[in-house]
Amino acid sequence: GNFLIASSRFRRSKAHGLHRELIDRAGVKAGQILHVGDNHGADVAAPAQLGVQTVWRPRFPNAFAAAIQTELPFTRSERAPFFAGAQGDAGLNAIRAQAVEAPGNWNDPVRAWGALFLGPVMTGFAKWVGERCRDVQIDTALCLMREGKIIKLVLDGVGAGVATHEFYTSRFALLTASIFRGDDSELTKFLARPQPARALELLAPLGLTPAQVDLEDDALVPAEAAYQLARKITSDPKMRAQACEASAEARRRFLIYLRETLPDLPGRVAVVDLGYSGTIQTCLQAILDYEKIACQTHGLYFVTGSGIRKVQQAGACAEGFLAENGQPLAIAHSFMRSPELVEQCLMCSLGSTIAYDESGLPALGEQHLPATQLASIQQVQEGLLDYVKCFAKTPTLRETDSATLRPFLEAILVRALTVPTPAELKVFGQWVHDENLGSSRTRPLIASDLDPDYLYYASAHQLASLASSSAYWIFGLAQNDSPMTGEAVRSIFLRKTQPEAFSCHEHERKLHFFWNDGEAHRADRNYTLSNRRTAWTRFALDIQNSELREIGFSLGRPGDVIKVGGVILRLNRAGSPVEVIREPLEELQTFGLEPLKGSQGTYLVTDTAGIIAEIRDVRDFTGVVQVDLLFAHLPAGDPCPS
């Protein structure tokens, strides 16, 4: 260059007229100078005021620029640990900018997401896998399918220096093949599923029929009933022997596949996967040990939770990259609560491995994802691989150890999971997640099995506490409801804010719950309003061969204004789908409540107040009845707020 114009020397920035120094030194008119930059204020607006021609070229697409800004803390003291070394981010953000400029990425938010967010974290993971394999002298890596296809490409692309193999297996396939004794523990582990499963689906891999355990084919078996079902099988020597025999055959076929994949099975192999509890590695090592095959597995995982201790206690090695044994909490807690987004982005277009045939070939299940989603996943992965290519051509990044990059990668992933942008919600909000474990069920990433009104009446803490069986991507669900709800759930989940911060500052209130099953019963419950003055309270009744004629609530004090959102029953009969009954507001009976005009379900409390719902269809019931009341206490001076 002809001139070096440093703001530190002239005590002014570009935004405050630094271009005047350039004009004076260059000896040309301002209109003869072209300034190209990525900051609109400093590189466009300010020089344009002096007559300098400008070209604005942002480093990142507009849809994601703000997201990248929020990855790292804004305050200097919080940012300092990220830049403790002389290398800073070693050019990480510069390579992200290069990757997103690759053909097809800039104007495609799906490909851009792969290049900007998934690419860096998966490349960092692959780099770490290569480092650990060199450190412990392992030269063979099994990349567990279905994510293994793209993980292998990334490992090879960064030059991990290890022989990689797509390894066709699954939790379901190896759980089936690792029943050795047919005891309660082994069978319970196999039978317990995230969602209630049909008896026929559960028992067929064990060579059993539902009739043998007194169940209908379509009877649903929830996770909590798995132990009792296992006990039924183990108490019958014939059924127990059938289960062990079926597992032995599945194991024989799997070992044929293993030997075909690795004819010269080394003494140690790396098992590479996203991780969590290491179930596949646990089963694989147990099979190798049972069959007296001299091979030790070494798990190298993206993230491991506290459940990985079972693998470690059994004598196998298992390590995590971004989080290990559930720490640090920010990444382990957020990722393990909602890993489905990353899992789907790394998915290949094949179905899950469900078994192996006579010759050891993997038998794949049906692919349950819609074609549009598979196309989007392909686009994400194309963007990811563009980042890998840029990384491979950058000596500073290749030579930087993964420990230096890890804080930046944690920040990228935590932001992507917990603070989704409108562009991310638009794309990924349409996606579904397949349950696997022999099931064909899929559910939307950001949907919930709860009534939509729950999102309004539930507190931020209640939403943050929802189990994954109720909602997969809890952060996307909350952010989609409103940015305020999203930030509240994120703050609670990452332990940045106490749940009480989102509660009403008034004292706890008491709710009286009563029900009639031929006799009158009553129970009390304290509750705290959320900062929106809303509440969701739940009562659970365990009923044996009885009926539920009516339920009621008594709440509020004279002068209170109460809005009732609904009374919802969830009937959990053993072996049957959950039945949801929502009592219409117009059919609720009330006492001590005066309806307010202009707002359905809003009442002024005039006396001891109550709501009664008459239940017509719950007769001769055995199971658990969950009774939910959704309501709000409105400010007395504003009984019908918008």
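Here we summarise the structure given alongside this text.

Criteria and cut-off values
Residues numbered from 1 in each chain as written. Predicted model: local features only at pLDDT ≥ 70, side-chain atom pairs only at ≥ 80, totals over all residues. Heavy atoms only, no water. Helix = DSSP H or I, 4+ residues; strand = E, 2+ residues; numbered from the N terminus. Expected span 1.5 Å × (residues − 1). Bend = angle between axes of the 7 residues up to and from the residue. Buried < 20%, exposed > 50% of the residue type's maximum accessible area, 1.4 Å probe, protein only. Polar contact = N/O pair within 3.5 Å; in protein donor to acceptor, adjacent residues only side chain to side chain. Pairing = 2+ DSSP bridges. Axes fitted to C-alpha atoms, helices over the stretch in contact; angles between N-to-C directions. Contact = heavy atoms within 4.5 Å. Patch = residues over 30% accessible without salt bridge, like charges linked within 9 Å, V, L, I, M, F, W, Y side chains within 5 Å. Areas by Shrake-Rupley, 256 points an atom, 1.4 Å probe, with all protein chains shown as cover. Salt bridge = Lys/Arg side-chain N within 4 Å of Asp/Glu carboxyl O. Core = buried A, V, L, I, M, F, W, Y, C linked by side-chain atoms within 4.5 Å. Phe/Tyr/Trp six-rings, centres within 6.5 Å; stacked < 30°, edge-to-face > 60°. Parallel < 35°, antiparallel > 145°, perpendicular 65-115°, else oblique. Left-handed = near helix turned anticlockwise from the far one by under 90°.

**A few points about helix H20 (residues 402–418)**
Residues lying three or four places apart along an α-helix face the same way, a consequence of the helix completing one turn every 3.6 residues.
Piece 1. Its 17 residues give H20 an end-to-end C-alpha distance of 23 Å, which sits within 8% of 24 Å, the value for a rise of 1.5 Å per residue.
Piece 2. The axis of H20 is deflected most strongly, by about 30°, at phenylalanine 408.
Piece 3. Within H20, twelve of the 17 residues are buried, which leaves it mostly tucked inside the rest of the structure.
Piece 4. When H20 is considered as a whole, its buried residues turn out to be Ser402, Leu405, Phe408, Leu409, Ala411, Ile412, Leu413, Val414, Arg415, Ala416, Leu417 and Thr418.
Piece 5. Near the N-terminus of H20, the side chain that reaches the backbone nitrogen of alanine 403, with its oxygen 3.1 Å away, is that of aspartate 401.

**Re the sheet that holds strand S4 (residues 163–167)**
Piece 1. Ordered in space as S4-S3-S7-S8-S9, the five strands form an open sheet in which the pairing is parallel. Of all the strands in the sheet, the pair left with one neighbour each is S4 and strand S9 (317–323). Sheet twist, expressed as the average angle between the axes of neighbouring strands with direction ignored, equals 25°.
Piece 2. As defined by bridge partners, strand S8 (residues 296–304) adjoins S9 across five bridges and the pair is classed as parallel. When the sheet's bridge partners are listed, leucine 300 is paired in S9 with glutamate 319.
Piece 3. Of the strands in this sheet, strand S3 (140–144), S4 and strand S7 (268–276) touch helix H8 (residues 148–157), which is tilted by about 170° from S4.

**Some thoughts on a nonpolar patch on the surface**
Piece 1. A cluster of nonpolar side chains, Leu34, Val36 and Val55, forms an exposed patch at the surface whose accessible area comes to about 260 Å².
Piece 2. With respect to the helices, strands and loops of the structure, valine 36 is situated in strand S1 (residues 34–37).
Piece 3. The exposed category is assigned to valine 36, whose relative accessible area is 52%.

**Notes on the nonpolar core**
Piece 1. Of all hydrophobic cores here, the largest spans 107 residues; its most connected members are Trp113, Leu118, Met122, Phe302, Phe335, Leu413 and Phe428.
Piece 2. Per element, the largest residue contribution to this core is 15 residues, and it comes from helix H7 (residues 109–136).
Piece 3. Apart from the residues lying within four places of it in its own chain, the contact partners of leucine 118 are Trp113, Val342, Cys345, Leu346, Val380 and Leu384.

**Some details on the packing of aromatic side chains**
Piece 1. Scanning the model with the defined rule gives 24 aromatic pairs in all.
Piece 2. Of the aromatic side chains, those joined through ring pairs into one cluster are Phe125, Trp128, Tyr276, Phe302, Phe321 and Phe335.

**Re the packing of H8 against helix H18 (residues 371–392)**
Piece 1. Taken N-terminus to C-terminus, the directions of H8 and H18 make an angle of 15°; their axes are 9 Å apart at the nearest point. In terms of axis orientation, H8 runs roughly parallel to H18. For H8 against H18, the interelement crossing comes out right-handed. Seen from H8, the contacting residues are Ile150, Leu153, Val154 and Gly157; seen from H18, they are Gln381, Leu384, Leu385, Val388 and Ala392.

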